[in-house]
Amino acid sequence: MLAADLVGVAVFAASGASAGVLKRLDLFGVAFVGFLAALGGGIVRDLVIGAVPPLAFADWRYAVTAVAASLGVFWFHPQLSRLRRPVLVLDAAGLGLFTVTGTLKALDAGVPAVGSCLIGMLTAIGGGLARDLLTGEIPVVLRREIYAVVALAGAIIVTILRGLGHASFWWLAAAALFITGVRLVALYRRWSAPVAAP
């Protein structure tokens with residue numbers, strides 16, 4: 001799970017760093033946005049459940065992975081710009097993974113079911129919120145894309161599985177794959193949430 005977690009960190013860091021590059025931030029700015037995009041949700045989760053210091057600061061591998069991925073994007077962004085589709089797939093996988101791990105960590109900390117679902121969702125989308133706010137964009141999760149809704153639905157599934165005693169690796173992996181799959185289908189089909197009429 002650690003390896004998968006670090007892959008998710010690297011992908012989210014790359015997405016944050018890419019946004020920083022597009023906004024013409026300097027090297028430190030790109031690394032900072034990438035770091036928060038990758039680890040912001042987990043930091044919020046750990047602070048909410050009282051797990052201090054947050055994992056992002058307690059385990060050096062998380063911070064190093066986020067910064068290394070961000071610096072890689074900064075130096076190689078012209079070549080990486082052609083990898084948009086693989087990055088979207090990895091981003092969807094990161095959404096699924098972080099939803100599952102965030103929800104489980106909240107449940108393990110004794111947070112009630114509803115709160116754990118919300119914390120699981122925030123773990124998955126918190127970094128993207130930080131990225132968009134730092135780069136002056138309306139957060140993706142507040143626009144029409146099906147993103148936060150998928151994370152919340154996945155957190156509910158994880159909570160139900162845990163309540164039924166089905167919290168084995170395979171059940172949780174299936175939940176992460178479900179979240180990833182729904183996100184990818186939503187992207188492919190261009191599903192969107194309704195917006196208010198003008």
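Since we're looking at a predicted model, the values are computed, not measured. (Residues numbered from 1 in each chain as written. Predicted model: local features only at pLDDT ≥ 70, side-chain atom pairs only at ≥ 80, totals over all residues. Heavy atoms only, no water.)

## Here we look at the overall build of the chain
Now for step 1: Counting secondary structure elements, the chain contains 8 helices and 0 strands.
Now for step 2: Each helix (α) and strand (β) of the chain, taken in turn from the N terminus, gives the series α-α-α-α-α-α-α-α.
Now for step 3: By the compact-globule yardstick of 16 Å for 198 residues, the chain fits well, its C-alpha radius of gyration being 16 Å.
Now for step 4: Projected onto its principal axes, the C-alpha positions of the chain cover 50 × 45 × 30 Å.
Now for step 5: Residues classed as buried in the chain amount to 45% of the 198 residues present. (Helix = DSSP H or I, 4+ residues; strand = E, 2+ residues; numbered from the N terminus. Rg over C-alpha atoms; globule rule 2.2 N^0.38 Å. Buried < 20%, exposed > 50% of the residue type's maximum accessible area, 1.4 Å probe, protein only.)

## Side note on helix α6 (residues 113–134)
Each α-helix turn comprises 3.6 residues. Residues three or four places apart therefore point the same way.
Now for step 1: Under the 1.5 Å per step criterion, the end-to-end length of α6 is 31 Å for 22 residues, consistent within 8% with the ideal 32 Å.
Now for step 2: Along α6, the helix axis deviates most sharply at Ile125, where the bend reaches about 45 degrees.
Now for step 3: Positive backbone phi, at 75 degrees, marks Gly136, one or two positions downstream of α6. (Expected span 1.5 Å × (residues − 1). Bend = angle between axes of the 7 residues up to and from the residue.)

## Section: the UniProt feature "transmembrane region" (unreviewed entry) in the chain
Now for step 1: Taking the numbering used here, the UniProt-annotated feature "transmembrane region" (unreviewed entry) corresponds to residues 6–22, 27–48, 60–76, 88–107, 113–134, 146–164 and 170–188.
Now for step 2: Secondary structure within residues 146–164 divides into 84% helix and 0% strand; the distance between the first and last C-alpha atoms comes to 27 Å. (UniProt positions renumbered as here; feature names shortened; annotations may be inferred.)

## Focus: the packing of aromatic side chains
Now for step 1: For the structure on display, the rule yields 5 aromatic pairs.
Now for step 2: Geometrically, the ring pair formed by Phe169 and Trp170 is edge-to-face, given 5.0 Å between the ring centres and 80 degrees between the ring planes.
Now for step 3: Exposure remark for Phe169: the relative accessible area of 47% places this residue in the partly exposed category.
Now for step 4: We classify Trp170 as exposed; its relative accessible area is 68%. (Phe/Tyr/Trp six-rings, centres within 6.5 Å; stacked < 30°, edge-to-face > 60°.)

## A look at the nonpolar core
Proteins that are soluble and globular tend to have nonpolar side chains buried together.
Now for step 1: Val9, Ala38, Leu39, Ala66, Leu95, Val100 and Ile125 are the most contacted members of the largest nonpolar core, which has 34 residues in total.
Now for step 2: Those elements that provide at least two residues to this core are α1 (2–22), α2 (27–49), α4 (60–80), α5 (84–108), α6, α7 (148–163) and α8 (169–189).
Now for step 3: Excluding anything up to four places from it in sequence, Val9 contacts Ala38, Leu39, Tyr62, Thr65, Ala66 and Phe98.
Now for step 4: Core analysis: the second largest hydrophobic core is formed by 5 residues, Ala14, Ala17, Val30 and Val73 among them. (Core = buried A, V, L, I, M, F, W, Y, C linked by side-chain atoms within 4.5 Å. Contact = heavy atoms within 4.5 Å.)

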